[in-house]
Amino acid sequence: MFFLRNRHLKASVWARYVSPSIALVAFAIICYLGTANFTILSGGSTGIAITFVGVTWGLAVAGLVYALVLRKRKPEVHRRIGRNT
């Protein structure tokens, strides 16, 4: 997104499109495999694995919903997220 937002910087097609696309696909595969095999990764029971995965994805969805609400209702707060100012 950095190179797409800052078009004044001279970036190659690789840096602007190809490399981020490969990273996105790889990250999606890692997330899927980690979620699908969490019982093996954690060495725990299926119930605990389902609970942890549910809580993890639930928090991600809750954060996304909260960000969308902030963007709609308090755009000045949403704009400041991740900024040092």
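Since the model is a prediction, treat every value here as computed from it, not as a measurement.

Colleague: Before we go on, may I ask you to explain the environment of asparagine 6 in this structure?
Modeller: With respect to the helices and strands, the residue asparagine 6 is situated in the loop between helix 1 (2-5) and helix 2 (13-36). Residue class for asparagine 6 comes out partly exposed when judged on its relative accessible area of 21%. Within the local environment of asparagine 6, its side chain forms a polar contact with the backbone oxygen of phenylalanine 2, the two atoms lying 2.8 Å apart.

Colleague: What's the story with the packing of aromatic side chains in this structure? I'm lost.
Modeller: The final tally for this structure, using the stated rule, is 2 aromatic pairs. For the ring pair phenylalanine 2 and phenylalanine 3, a centre distance of 5.3 Å and an interplane angle of 75° mean the geometry is edge-to-face. Overall, phenylalanine 2 belongs to the exposed group, its relative accessible area being 52%. With 6.4 Å between their ring centres and 85° between their planes, phenylalanine 38 and phenylalanine 52 make a pair best called edge-to-face. Remark: phenylalanine 52 occurs in helix 4 (residues 46-73) and phenylalanine 38 occurs in helix 3 (residues 38-42); sequence separation between them is 14 residues. Residue classification places phenylalanine 52 among the partly exposed residues on the basis of a relative accessible area of 46%.

Colleague: I tried to follow the UniProt feature "transmembrane region" (unreviewed entry) in the protein on my own but got confused; where do I start?
Modeller: Taken from the UniProt record, the annotation "transmembrane region" (unreviewed entry) applies to residues 21-41 and 47-70. With 95% helix and 0% strand, residues 21-41 has end C-alpha atoms that lie 27 Å from one another. Secondary structure over residues 47-70 splits into 100% helix and 0% strand, and the C-alpha atoms at its two ends are 34 Å apart.

Conventions adopted
Residues numbered from 1 in each chain as written. Predicted model: local features only at pLDDT ≥ 70, side-chain atom pairs only at ≥ 80, totals over all residues. Heavy atoms only, no water. Helix = DSSP H or I, 4+ residues; strand = E, 2+ residues; numbered from the N terminus. Buried < 20%, exposed > 50% of the residue type's maximum accessible area, 1.4 Å probe, protein only. Polar contact = N/O pair within 3.5 Å; in protein donor to acceptor, adjacent residues only side chain to side chain. Phe/Tyr/Trp six-rings, centres within 6.5 Å; stacked < 30°, edge-to-face > 60°. UniProt positions renumbered as here; feature names shortened; annotations may be inferred.

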